[in-house]
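# Tertiary structure, described
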Amino acid sequence: MMPYRIPPTRTDIEIAKAVSKHASPGSEQAAKLLTLGADEHVVVAIAAAWWLYRRKASLRKRRNSDHLLLTTLAVTLVPHLMKSVFDQRRPDRLTVVGHLHGVPLSGKANDAFPSGHAMHVGALASAATVLPPNKRNVVWALGAGLALTRIVLLAHWASDVLAGLALGAVTERLLRPFTGYRREG
């Protein structure tokens, strides 16, 4: 089956041009380090460790940790499946100015859609809605920063990141009825 090609929007192109123009080696290195916080290997390892840690906790806490691990595994697989159906050139492959300003190459050239990092962030941000407001807001702020690193690195178009956030949130919400995920207490 031929992959379905997705062109970037005009807004995507304008944002990528602005990032290329204002990129610097320092900001790109910082974004490269920060983006690891939403890397699938890191997130799966943390979710698995949390799941193990919660095995002797109350039933509600065990179910919630089951939900977080299942959601993390799902949003790790879904982007890989989608990238076999959709082709979209990464913005970092279309800039010379950005590379002169320190923009690195990311992943496979035609795997821009959707952003897997953003799917992890979207799922975790959605799961955080059951947390008290102060904790939820911290998760949302960290998530926004992590998602933005994908745009700053020109690894994804802005629309790929937004789609990833939405797909992650939808995936998390679709799994709730099967896992019984809800507020503890």
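A brief report on the enclosed structure follows. Every chain begins its residue count from 1, and numbering advances along the sequence as written. Given that the model is predicted, a residue must reach a pLDDT of at least 70 before its local features are reported, and side-chain atom pairs must reach 80 or more before they are shown or counted; all residues, however, enter totals for whole chains, interfaces and linings. With hydrogens and water stripped out, all remaining heavy atoms of the structure feed into the side-chain values.

## Here we look at the layout of surface pockets
- Points on a 1 Å grid over protein atoms alone make up a cavity when a 1.4 Å probe fits among them but cannot get out, and a pocket when they form an open set with protein on both sides within 12 Å along at least five of seven lines; lining residues each have an atom within 4 Å of a point. Grid points are joined across faces, edges and corners, and a volume is the space filled by probe spheres set on the points. Approximately 870 Å³ is the volume found for the largest pocket.
- Helix numbers and strand numbers start at the N terminus; a helix is a DSSP run of H or I with at least 4 residues, a strand a run of E with at least 2. Residue assignment for the lining of the largest pocket shows that the elements contributing at least two residues are α3 (40-53), α4 (59-85), α6 (116-127) and α7 (133-152).
- Note that Gly is not counted as nonpolar here; it falls among the polar residues with everything else outside the nonpolar set of Ala, Val, Leu, Ile, Met, Phe, Trp, Tyr, Cys and Pro and the charged set of Asp, Glu, Lys and Arg. Broken down by class, the residue content of the lining of the largest pocket amounts to 18 nonpolar, six polar and six charged.

## Description of empty space enclosed by the protein
- Inspection of the entire model under this criterion finds one cavity of 30 Å³ or more.
- Its boundaries defined by the atoms lining it, the largest cavity holds a volume of some 30 Å³.
- Lining the largest cavity are D12, I15, A16, P91, I151, L154, H156, W157 and A158.
- At three residues, the largest contribution of residues to the lining of the largest cavity is made by helix α1 (residues 10-22).

## So, the environment of S27
- Note that S27 resides in helix α2 (residues 25-34).
- Sequence separation between S27 and T149 is 122 residues; the distance between their C-alpha atoms is 9.7 Å.
- Between N or O atoms, a polar contact is any pair within 3.5 Å; within protein, one atom must be a potential hydrogen donor and the other a potential acceptor, and residues adjacent in sequence are included only when both atoms are from side chains. Side-chain polar atoms of S27 contact the backbone oxygen of S24, separated by 3.0 Å.

## Some remarks on the packing of α4 against helix α8 (residues 158-179)
- Packing of α4 against α8 leaves a shortest axis separation of 9 Å and a crossing angle of 135°. Classed by the angle they form, the pair α4 and α8 counts as oblique. Of the two elements, α4 crosses α8, and the hand of that crossing is right-handed. Between α4 and α8, the contacting residues are R63, H67, L70, T71, A74, V75 and M82 on the first element and L167, G168, T171, E172, L175, R176 and T179 on the second. To get an axis, fit a line to the C-alpha atoms, keeping to the stretch in contact for a helix; angles then go from 0 to 180 degrees between the N-to-C directions. Just so you know how the angles are binned, under 35 degrees is roughly parallel, over 145 roughly antiparallel, 65 to 115 roughly perpendicular, and the rest oblique. Working rule for handedness: look at the near helix, and if it is turned counterclockwise from the far one by less than a right angle, call the crossing left-handed; if clockwise, right-handed. Between two residues, a contact is recorded if the distance between any of their heavy atoms is within 4.5 Å.

## Let's talk about the nonpolar core
- In these notes, a set of buried Ala, Val, Leu, Ile, Met, Phe, Trp, Tyr and Cys residues joined through side-chain atoms within 4.5 Å is what counts as a nonpolar core. Think of it in three bands: with a 1.4 Å probe and only protein chains considered, a residue is buried below 20% of the maximum accessible area for its type, exposed above 50%, and partly exposed in between. Listed in full, the nine residues of the largest apolar core are A16, V19, A118, A147, I151, L154, W157, A158 and V161.
- Every element with two or more residues in this core is listed here: α1, α7 and α8.
- The contacts of A158, once residues within four sequence positions are left out, are D12, I15 and I151.

## Notes on the pattern of salt bridges
- Throughout this description, the term salt bridge denotes a Lys or Arg side-chain nitrogen within 4 Å of a carboxyl oxygen of Asp or Glu. Inspection of every chain in the model, using the stated rule, returns four salt bridges.
- Notably, a salt bridge pairs R55 with D66, separated by 2.9 Å at the nearest N-O pair. Separated by eleven residues along the polypeptide, R55 in the loop between α3 and α4 and D66 in helix α4 bring together distant segments of the chain.
- Salt-bridge contacts for E172 lead to R176; the nearest nitrogen and oxygen are separated by 2.8 Å. Of this pair, E172 and R176 both sit in helix α8, four residues apart, which is roughly one turn of that helix.
- The class of R176 is buried, set by a relative accessible area of 17%.
- Through salt bridges with shared partners, a single network forms among E172, R173 and R176.

## Regarding unusual backbone geometry
- Even without glycine at this site, L154 takes up a positive phi of about 55°.
- Of note, L154 is situated in the loop between α7 and α8.
- Using a relative accessible area of 1% as the deciding quantity, one classes L154 as buried.

## So, α8
- Over its 22 residues, α8 runs 32 Å from end to end, which matches the ideal 32 Å to within 8%, given 1.5 Å per residue.
- Inspection of α8 places A158, D160, V161, A163, G164, G168, T171, E172, L175, R176 and T179 among the buried residues, and these make up the whole buried set.
- Buried positions along α8 lie against α1, α4, α6 and α7.
- Trailing α8 by a residue or two, G180 shows a phi angle of about 75°, which is positive. To estimate how far a helix should extend, the number of its residues minus one is multiplied by 1.5 Å.

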